[in-house]
Amino acid sequence: MQKNFGQTPLWWARRTGHHEIADLLLEKYRENGMVVQKDDSPIRTISVSDNKSNRYCDVCMLRILDRDMYYHCRVCNSGDFDICEECVALKAHCLDQSAHTLIKEVNT
């Protein structure tokens, strides 16, 4: 089961650092003869509770860590639409993928 940009439950468990859940999912993959896809491995794992950033990715809804790169659309959501690097790697885009330019920025 995948969301719009390929985020499976295994991807979410790994992305948010829930290793026990990821292990259980992997056990079920093996039991059912399922293959782990490349997209099931996030670029990096974040600690959901430790990050104090107020900036969120508008695609995955996870916080964008301080000093992390992200992409900003100055048009969508009244100029407040941000996408983390992880979601951009999964080909995520702003609300109008054909007309808006995303600007790469650093979260401070």
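Keep in mind it's a predicted model, so treat the numbers as computed, not measured.

Asker: Please clarify how the overall build of the protein should be interpreted in this entry.
Answerer: Helices and strands together make up the secondary structure of the protein, namely four helices and three strands. Shown N-terminal to C-terminal, the secondary structure of the protein runs as helices and strands in the order α-α-β-α-β-α-β. Classification of the 108 residues of the protein by burial places 36% in the buried group. For the protein, contacts bridging at least 24 residues in sequence account for 53% of all contacts bridging at least 6. Just so you have it, the protein exposes about 7,000 Å², and 50% of that area is on carbon and sulfur atoms.

Asker: Would you mind showing me how to read the sheet that holds strand β2 (residues 81-84) here?
Answerer: A sheet is described by the order of its strands in space; here three strands give the open sequence β2-β1-β3, paired in antiparallel fashion. Across the chains shown, the open sheet's two edge strands, defined by having one partner strand only, are β2 and β3 (103-106). The sheet shows a mean angle of 35 degrees between the axes of neighbouring strands, taken without regard to direction. Bridge count for strand β1 (residues 69-73) against β2 is four bridges, and the pairing is antiparallel. Looking at the pairing, Tyr70 lines up with Cys84 of β2.

Asker: How should the nonpolar core be read in this particular structure?
Answerer: By size, the foremost hydrophobic cluster in this structure holds 14 residues, and its most contacted members are Cys57, Val59, Cys60, Phe81, Ile83, Cys84 and Cys87. When residues in this core are grouped by element, the largest group, three residues, is from β2. Those residues within four positions of Cys87 in sequence are excluded, and the remaining contacts are Gln7, Cys57, Val59, Cys60 and Ala92. Core analysis: the next-biggest nonpolar cluster, separate from the first, contains five residues, Leu10, Ala13, Leu26 and Tyr29 among them.

Rules behind the numbers
- Residues numbered from 1 in each chain as written.
- Predicted model: local features only at pLDDT ≥ 70, side-chain atom pairs only at ≥ 80, totals over all residues.
- Heavy atoms only, no water.
- Helix = DSSP H or I, 4+ residues; strand = E, 2+ residues; numbered from the N terminus.
- Buried < 20%, exposed > 50% of the residue type's maximum accessible area, 1.4 Å probe, protein only.
- Contact = heavy atoms within 4.5 Å.
- Areas by Shrake-Rupley, 256 points an atom, 1.4 Å probe, with all protein chains shown as cover.
- Pairing = 2+ DSSP bridges.
- Axes fitted to C-alpha atoms, helices over the stretch in contact; angles between N-to-C directions.
- Core = buried A, V, L, I, M, F, W, Y, C linked by side-chain atoms within 4.5 Å.

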